[in-house]
Amino acid sequence: MSAIVFRGANILGEERADILVEGEEIRQVGSEIAIEPGSGVREVDARGLVALPGLVDLHTHLREPGGCDAETVDTGTAAAAKGGYTCVFAMANTTPTQDCPQVVEQVLVLGREAGRVDVYPVGAVTKDLAGKELSDLRGMHQSRAAVNVFSDDGKCVFDPLLMREALEIVRDFDGVIAQHSQEPRLTQDSQMNESYLAEELGLKGWPTVAEEMIIARDILLSLYLDVRVHVCHLSSATAVELVRWGKSQGARISAEATPHHLFLTQEEVRGRDPLFKVNPPLRSQKDVEAVQAGLADGTIDLVGTDHAPHPRRLKDCDFECGAFGMIGLETALAVVATTMVQSGRMTWRDLARVMSVTPAKIGKAKDQGEDIAAGYAANLCFVSADTAWQVHRETQVSRSDNTPFVGKELLGQVRHTCYRGKPTVLAGQLQF
């Protein structure tokens, strides 16, 4: 049985300890763990690093099957490991769509073959994401993939009758519908946040109310049906208030913020670079501040990357022609650390809650988001908290390089990642 000891890490940014890993499990956490000479235990210097449970992303696009020019399960999980993740939930907008047991099981197998993180397929709510007929939700849940999270992300389940029926089905097995909140008739041909800047640039505006009205409807459905609804990539101040109100009324509502909606504003679009084109769009400074506040006070439950890779031809073009979406697995932790931890609004323990513990709980990810203590699965990441680094497109591990953080300086860098006792990243370098 292989063994490794991480020396001198700051557990959740608090107490300093060694972490001994044997097989897939944390065997011991303590000060100055003794190792027998010649025992073959590998020692890794983690002094000065913050130890966190491995990160869990409830919102990742791995593109495979069908979109392998942008990403594959292999390259996407490599990017995830580099970013400190040990578990990702793979969204359903693949080709063919993940709307049946056969396709979700294919994604499950691809994830296991890659072997860097746990990959949980997300099932489509409607067949081919068309919003007209429900997918086989029960069949996907009963398959080997045991799907618990369903989403048409990229498109909204805007028909209230279909949404109600889907919620009633997943209620039977305590599943969750993750909603892309967007009334499509209000956003047709929209390019960026509806604002003075959209008018100035001559781009069709994307109103926040298109997001907010769907969130409000789904909160009411959650209350009426007593079933969980998860809000994907919340982006506006009013959306935060709606979720806050829903929770105060007892709705089983949860919500996520993306790193880019925590960090970037619509002003980035002024240069008309499609790297900053995303759905929902980058919003105003007021909205960004409200999303940060919502994450800090617990209204927003977690951070989801919405990692959305695209080949260069779909981003190196005019803004109007560019694809919506940004990659984020490799930069997410640093963005959250920079905006929320380094600013004093959250602790490292808080970061672990929103980037590991809560997404694992909502997604029912086995052995993920657990305590750093003896007897738990050895899913860990180690962060150099004060390391400043600059993002470059050419250094991204993802098959695509459409990061919006090019040239940005971030604080906090993943140095080691350990997946089920196996180092996937050491000293910032992928191990396989």
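For the protein chain, the name recorded in an unreviewed UniProt entry is Dihydroorotase, with Varibaculum cambriense as its organism. Per UniProt, the protein chain has the following entry under Function (unreviewed entry): "Catalyzes the reversible cyclization of carbamoyl aspartate to dihydroorotate." According to the UniProt record, the Catalytic activity (unreviewed entry) comment for the protein chain is "(S)-dihydroorotate + H2O = N-carbamoyl-L-aspartate + H(+)".

A closer look at a nonpolar patch on the surface
Taken together, the side chains of Leu186, Val209 and Met213 define a hydrophobic patch exposed on the protein surface, amounting to about 230 Å² of accessible area. Along the chain, the position of Leu186 falls in the loop between strand 10 (176–179) and strand 11 (192–193).

With respect to the pattern of salt bridges
Under the counting rule described, the total for this entry stands at 30 salt bridges. The closest approach of N and O atoms between Lys364 and Asp174, which form a salt bridge, is 3.3 Å. Placement of the pair is Lys364 in the loop between helix 11 (348–363) and strand 16 (380–390) and Asp174 in the loop between helix 4 (160–171) and strand 10, with a sequence separation of 190 residues. On the basis of relative accessibility, which here comes to 37%, the residue Lys364 falls in the partly exposed class. For Asp174, a relative accessible area of 40% corresponds to the partly exposed category. Across the pair Glu320 and Arg272 runs a salt bridge, and its minimum N-O distance is 2.6 Å. You can see Glu320 sitting in the loop between strand 15 (302–303) and helix 10 (332–341) and its partner Arg272 sitting in the loop between helix 8 (259–263) and helix 9 (285–297), a full 48 residues away along the chain. Salt bridges linked by common partners bring Arg312, Asp316, Arg393 and Asp401 together as one network.

Focus on the environment of Cys418
On the secondary structure map, Cys418 appears in strand 17 (residues 409–419). Note on Cys418: relative accessible area 0%, which makes it buried. Counting along the chain gives 253 residues from Cys418 to Glu165, while the straight-line C-alpha distance between them is 40 Å.

Here's the deal with the side chain of Ser151
Its place among the elements puts Ser151 in the loop between strand 9 (149–150) and helix 4. A distance of 3.0 Å separates a polar side-chain atom of Ser151 from the backbone nitrogen of Asp153.

Observations regarding the layout of surface pockets
The calculated volume of the largest pocket comes to roughly 380 Å³. Looking at the largest pocket, it is lined by 20 residues, and the ones nearest its centre are Arg63, Asn93, Asp153, Gly154 and Lys155. Taken together, the residues that form the lining of the largest pocket break down as 4 nonpolar, 10 polar and 6 charged. Space inside the second largest pocket adds up to approximately 330 Å³. Forming the boundary of the second largest pocket are 15 residues, of which Leu108, Arg112, Asp118, Val119 and Tyr120 lie nearest the centre. Counting residues per element, the ones that place at least two in the lining of the second largest pocket are helix 2 (101–114) and strand 8 (118–121). Looking at the lining of the second largest pocket residue by residue, the classes come out as 7 nonpolar, 2 polar and 6 charged.

Quick notes on the sheet that holds strand 9
The 5 strands lie next to each other as 9-10-13-14-15, forming an open sheet whose pairing is parallel. At either end of the open sheet lies a strand with only one pairing partner, and these are strand 9 and strand 15. Where strand 13 (residues 229–231) lies against strand 14 (residues 253–257), 3 bridges are found, and the strand directions are parallel. Note that in strand 14 the partner of Val229 across the bridge is Ile253.

As for the packing of aromatic side chains
Summed over the entire model, instances satisfying the criterion amount to 5 aromatic pairs. With a centroid separation of 5.6 Å and an interplanar angle of 65°, the aromatic rings of Trp206 and Phe324 are classed as edge-to-face. With Trp206 in strand 12 (residues 205–206) and Phe324 in the loop between strand 15 and helix 10, this residue pair connects regions lying 118 residues apart in the sequence. Judged by its relative accessible area of 4%, Trp206 falls in the buried class. Assessed through its relative accessible area of 30%, Phe324 is described here as partly exposed. Ring centres of Phe263 and Phe405 lie 5.5 Å apart, and the angle between their planes is 80°; on these two criteria the pair is classed as edge-to-face. A residue pair is termed long-range when its members are at least 10 positions apart, and Phe263 in helix 8 and Phe405 in the loop between strand 16 and strand 17 qualify at 142 residues. Among the residues examined, Phe263 registers a relative accessible area of 24% and is labelled partly exposed.

A look at the environment of Ser254
Secondary-structure assignment places Ser254 in strand 14. Its relative accessible area of 0% is what places Ser254 among the buried residues. With 10 residues separating them along the chain, Ser254 and Arg244 place their C-alpha atoms 9.8 Å apart. Excluding residues that lie within four positions of it along the chain, Ser254 makes contacts with Arg228, Val229, His230, Val231, Asp301 and Ile362.

A short note on the packing of helix 10 against helix 11
Axis separation between helix 10 and helix 11 bottoms out at 11 Å; the angle between their running directions is 135°. By the angle class used here, helix 10 and helix 11 are oblique. You can see that helix 10 and helix 11 cross each other, and the crossing is right-handed. Contacts between helix 10 and helix 11 involve Ala332, Leu333, Val336, Ala337 and Val341 from the former and Trp348, Leu351 and Met355 from the latter. Residue classes in the contact of helix 10 with helix 11 are distributed as 8 nonpolar, no polar and no charged.

About the cut-offs
Residue numbering note: each chain is counted from 1, following its sequence as written. Side-chain atom pairs in this predicted model are given and counted only at pLDDT of 80 or more, local residue features only at pLDDT of at least 70, and totals for whole chains, interfaces and linings cover all residues. No hydrogens and no water enter the side-chain calculation; it runs on all heavy atoms of the structure. UniProt positions are given in the numbering used here, feature names are shortened, and annotations may be inferred rather than shown by experiment. Patches here: salt-bridge-free residues with over 30% relative accessible area, like charges joined within 9 Å, nonpolar side chains (Val, Leu, Ile, Met, Phe, Trp, Tyr) joined within 5 Å. Values of accessible area rely on a 1.4 Å probe in the Shrake-Rupley scheme; residue burial ignores everything except the protein chains shown. In the sections that follow, a salt bridge refers to a side-chain nitrogen of Lys or Arg positioned within 4 Å of a carboxyl oxygen of Asp or Glu. For the purposes of this entry, the term helix denotes a DSSP run of H or I that reaches at least four residues, the term strand denotes a run of E that reaches at least two, and both are numbered from the N terminus. For every residue, the accessible area (1.4 Å probe, protein chains only) is compared with the maximum for its type, and the residue is labelled buried under 20%, exposed over 50%, or partly exposed between those bounds. N or O atoms within 3.5 Å of each other form a polar contact, as long as, within protein, one can give a hydrogen and the other can take it, and as long as residues adjacent in sequence are counted only when both atoms are side-chain atoms. A 1.4 Å probe that fits into a set of points on a 1 Å grid over the protein atoms alone but cannot get out defines a cavity; an open set with protein on both sides within 12 Å along at least five of seven lines defines a pocket, and lining residues are those with an atom within 4 Å of a point. Grid points are joined across faces, edges and corners, and a volume is the space filled by probe spheres set on the points. Amino acid classes used here: Ala, Val, Leu, Ile, Met, Phe, Trp, Tyr, Cys and Pro are nonpolar; Asp, Glu, Lys and Arg are charged; the rest, including Gly, are polar. Any two strands are treated as partners once DSSP identifies two or more bridges connecting them. Pairing of aromatic rings covers Phe, Tyr and Trp, the last through its six-membered ring, and needs centres within 6.5 Å; plane angles under 30 degrees mean stacked, over 60 mean edge-to-face, and all others mean tilted. Should any heavy atoms of two residues lie within 4.5 Å, those residues are considered in contact. Here the axes come from fitting lines to C-alpha atoms, over the contacting stretch only for helices, and the angles between their N-to-C directions go from 0 to 180 degrees. The cut-offs work like this: below 35 degrees is roughly parallel, past 145 is roughly antiparallel, 65 to 115 is roughly perpendicular, and the gaps in between are oblique. For a crossing to be left-handed, the near helix must be turned anticlockwise from the far one by less than a right angle; the clockwise case is right-handed.

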